[in-house]
Amino acid sequence: MKIAVIGAGYVGLVSAACFAELGHEVVNVDNDRAKIAMLEQGQVPIHEELLPELLQKHRGRGLRFSADVRQAFSWCEVAFICVGTPPSPNGEADLSYVEGVARELALALKGHTVIVEKSTVPVGTCEAVRRTMLLHGADPRDFSIASNPEFLREGTAVSDFLYPERILLGVSDEESRKKLSAIYMPLLDGSYYERDDAIPGPTRPARLLVTSVRSAELIKHASNAFLALKISFINAVSTVCEGVGADVRQVAEGMGADSRIGPRFLTPGIGYGGSCFPKDVLAFRSVARSVGYDFQLLTEVMAINESQKERFLAKVREALWTLRGKKLAVLGLAFKGGTDDVRDSPAIEVVRRLLQEGAHVVAYDPAAMEKAKALFADGEIAFASDAYEACTGADAVLVLTEWQSFLELDLLRIRGLLKLPILLDGKNVFSTGVVEKAGLLYCGIGCEGSAFPLHAPFSQVSEDRSEMAEAGAQVAGEFTSALQALSQ
Ligand SMILES: NC(=O)c1ccc[n+]([C@@H]2O[C@H](COP(=O)([O-])OP(=O)(O)OC[C@H]3O[C@@H](n4cnc5c(N)ncnc54)[C@H](O)[C@@H]3O)[C@@H](O)[C@H]2O)c1
């Protein structure tokens, strides 16, 4: 199939590479010429596991890059719209990028083309794309419109795309259903998984869901809103845990053992972020409002999410009293582990608040430093080349992103580098015991050790590195499974 993918961002670039991996002829188009030039030269503009390998494999063969939107449209049989849908100031999704593509499509179509909306959009957007195209002179016989929402998660995007739990097609005509099913057939009939060169993954043929266009659009918004709700729920539970002296990790494990609830997205922290959940919850609430329903539950989900940052900042103040002039090591800037994406990252917001209160921040992130640098004025914060450099001479270390590599840190060494032995864990990456064994006061979310002044037993501090390593390895194992479960 000849496929044009419009937008070479986190979704578009991964989709384009994966469609090429499934054997299609793909052109990935973006109006950002600098990005296209980078991709043509073999550079990869985002941090995403397995993506460099796929691009290397298909660039110049099944996968081309172009800034010429119209040429791509007149060539393809199927066009996937994967442009951004950021929030507008009133909370509704800003659909101007989608509209821009619709106008271009109307002017360039040649032969029958299936236009597929893959960006996350409010219900009714496919209708609006159709109307716009007709207004701009497209012949209704030349195109059909379908919705194919994307459920990949940054950090595991390639595996998610090639091993999806479901492929959702919102279609209103047989032509769209046939072409889209054909595109995904290697995943639906499992033939991709039998290939020797397949990207390895948890082999399972994907489940195909075919719905109306409107239902498909709504499923994506409702799914993201529900996941955000689950995160806010466990965050609220963590607050109760702190009040009553229970441990949210144990509570989450007990709740998650019930298959009706499930263990995923039950990890408390400084709140959800990223380019999807915050805007999608807002946009879904706006959709509800537009039909006269006040979706107050979502208002509360957002309020809890905001309060998590405040609650964490209160813990920092509790640990350090005043923040003016204090040097704080920040580990993690990305909105979650495994990605370089800092859009709407709670870690960035926490850093901004710390700066406002007069703290000096020295930050380290395994992948997101370049993107984070663009968000701060020169010299506003310092960037360290590793976690140890960030911790040197700091009054406390704050963990703000759940990077797995943080678990491999030598906490005894960190304790030696810090001015004060304080670790504030905004993502419950570490377990209380392991941190306290290294002689650090520990403060996580909703768990033992989360109240200051801590009972941290300096006298009981273990200097025995093998004991530390053993405990660390155990937690690392637990964390790996937790990470697999925890993706936004
Ligand atoms: N990032 C995720 O994890 C994720 C997951 C599922 C769904 N989504 C949804 O997918 C959509 C895209 O998200 P993203 O994270 O890939 O965004 P992104 O900002 O990374 O990429 C969007 C790309 O579209 C390009 N673009 C904008 N207008 C264009 C035009 N007229 N012609 C050609 N290119 C154009 C931009 O230059 C940019 O490169 C959003 O609706 C998002 O909600 C994102």
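Residues numbered from 1 in each chain as written. Predicted model: local features only at pLDDT ≥ 70, side-chain atom pairs only at ≥ 80, totals over all residues. Heavy atoms only, no water.

Caption draft 1: Structural view of the site of the ligand. Taken together, the neighbourhood of the ligand is formed by 26 residues, with Asp-30, Lys-35, Thr-85, Glu-154 and Lys-279 sitting nearest. The contact in question runs from an oxygen atom of the ligand to an N or O atom on the backbone of Tyr-10, over 3.0 Å. A distance of 2.6 Å separates an oxygen atom of the ligand from a polar atom in the side chain of Asp-30. Look at the ligand: alone it shows 840 Å² of surface, and the protein chains cover 89% of it. (Near = heavy atom within 4 Å. Polar contact = N/O pair within 3.5 Å; in protein donor to acceptor, adjacent residues only side chain to side chain. Areas by Shrake-Rupley, 256 points an atom, 1.4 Å probe, with all protein chains shown as cover.)

Caption draft 2: Inspection of the domain arrangement of the protein chain at higher detail. For the protein chain, the assigned domains are domain 1 (2-210) and domain 2 (212-488). Computed from C-alpha coordinates alone, the two centres of domain 1 and domain 2 are separated by 32 Å. Across the contact, 33 residues belong to domain 1 and 31 residues belong to domain 2. Interface area for domain 1 against domain 2, summed over the two sides, is near 2500 Å², with a carbon-plus-sulfur share of 57%. (Domains from an automatic or database assignment. Contact = heavy atoms within 4.5 Å. Buried area = accessible area lost by both parts, 1.4 Å probe.)

Caption draft 3: Molecular detail of unusual backbone geometry. A positive phi angle, near 75°, is found at Leu-50, a position not held by glycine. With respect to the secondary-structure elements, Leu-50 resides in the loop between helix 2 (33-40) and helix 3 (51-58). The phi torsion at Phe-265 lies on the positive side, around 65°, for a residue other than glycine. Summarising the element assignment, Phe-265 is placed in the loop between helix 10 (248-256) and helix 11 (277-290). Look at Phe-265 and you get buried, because its relative accessible area is 8%. (Helix = DSSP H or I, 4+ residues; strand = E, 2+ residues; numbered from the N terminus. Buried < 20%, exposed > 50% of the residue type's maximum accessible area, 1.4 Å probe, protein only.)

Caption draft 4: Structural view of the packing of aromatic side chains. Per the counting criterion, the structure on display carries 10 aromatic pairs. Measuring from centroid to centroid gives 6.0 Å for Tyr-272 and Phe-277, while their planes differ by 75°, and the two rings are edge-to-face. No difference in accessibility class separates Tyr-272 from Phe-277, as the two residues are buried. Above the plane of the ring of Phe-376 lies Arg-352, whose end atom (NZ or CZ) is 4.8 Å from the centre. (Phe/Tyr/Trp six-rings, centres within 6.5 Å; stacked < 30°, edge-to-face > 60°. Lys NZ or Arg CZ within 6 Å of the ring centre and 35° of its normal.)

Caption draft 5: Geometry of the pattern of salt bridges. With the rule as written, the count across this model stands at 27 salt bridges. The closest approach of N and O atoms between Arg-70 and Glu-104, which form a salt bridge, is 2.9 Å. Placement of the pair is Arg-70 in helix 4 (residues 69-75) and Glu-104 in helix 5 (residues 96-108), with a sequence separation of 34 residues. Take Arg-70: its relative accessible area is 41%, and that puts it in the partly exposed class. Here Lys-315 ties to Glu-242 by a salt bridge, and the two come within 2.5 Å at their closest N and O atoms. With Lys-315 in helix 12 (residues 296-320) and Glu-242 in helix 9 (residues 213-244), this residue pair connects regions lying 73 residues apart in the sequence. Lys-315 sits in the buried class, given a relative accessible area of 6%. Several salt bridges converge on common partners, so that one network encompasses Glu-21, Lys-57, Arg-195 and Asp-197. (Salt bridge = Lys/Arg side-chain N within 4 Å of Asp/Glu carboxyl O.)

Caption draft 6: Structural context of the sheet that holds strand 10 (residues 360-364). Strand order in the open sheet formed by six strands is 11-10-9-12-13-14, with parallel pairing between adjacent strands. In this open sheet, the two edge strands, each paired with only one partner strand, are strand 11 (382-383) and strand 14 (441-443). Sheet strands in contact with helix 12 are strand 9 (327-331), strand 12 (396-399), strand 13 (422-425) and strand 14, and its direction is about 170° off that of strand 13. (Pairing = 2+ DSSP bridges. Axes fitted to C-alpha atoms, helices over the stretch in contact; angles between N-to-C directions.)

Caption draft 7: Representation of the environment of Ala-4 in the model. Within the secondary structure, Ala-4 sits in strand 1 (residues 2-6). Look at Ala-4 and you get buried, because its relative accessible area is 0%. For the pair Ala-4 and Val-29, spaced 25 residues apart in sequence, the C-alpha separation works out to 7.1 Å.

Caption draft 8: Representation of the nonpolar core within the structure. In this structure, Leu-354, Leu-398 and Phe-430 are the most contacted members of the largest nonpolar core, which totals 63 residues. No other element matches the six residues that helix 13 (residues 346-356) contributes to this core. With residues near it in sequence (within four places) discarded, Leu-354 still touches Leu-313, Val-316, Leu-323, Leu-328, Val-330, Ala-359, Val-361 and Leu-398. Ranked by size, the runner-up nonpolar core spans 47 residues in total, among them Val-26, Leu-54, Val-78 and Val-116. (Core = buried A, V, L, I, M, F, W, Y, C linked by side-chain atoms within 4.5 Å.)

Caption draft 9: Spatial organisation of the packing of helix 9 against helix 11. One can describe the packing of helix 9 onto helix 11 by two numbers: an axis separation of 9 Å at closest approach and a directional angle of 120°. In terms of orientation, helix 9 and helix 11 fall into the oblique class. Pair helix 9 / helix 11 crosses with left-handed handedness. Only Phe-277, Asp-280, Val-281, Ala-283, Phe-284 and Val-287 of helix 11 make contact with helix 9, whose side of the interface consists of Leu-218, His-221, Ala-222, Asn-224, Ala-225, Leu-227, Ala-228 and Ile-231. Of the residues in the contact of helix 9 with helix 11, the class split is 11 nonpolar, two polar and one charged. (Parallel < 35°, antiparallel > 145°, perpendicular 65-115°, else oblique. Left-handed = near helix turned anticlockwise from the far one by under 90°. Nonpolar A, V, L, I, M, F, W, Y, C, P; charged D, E, K, R; others polar.)

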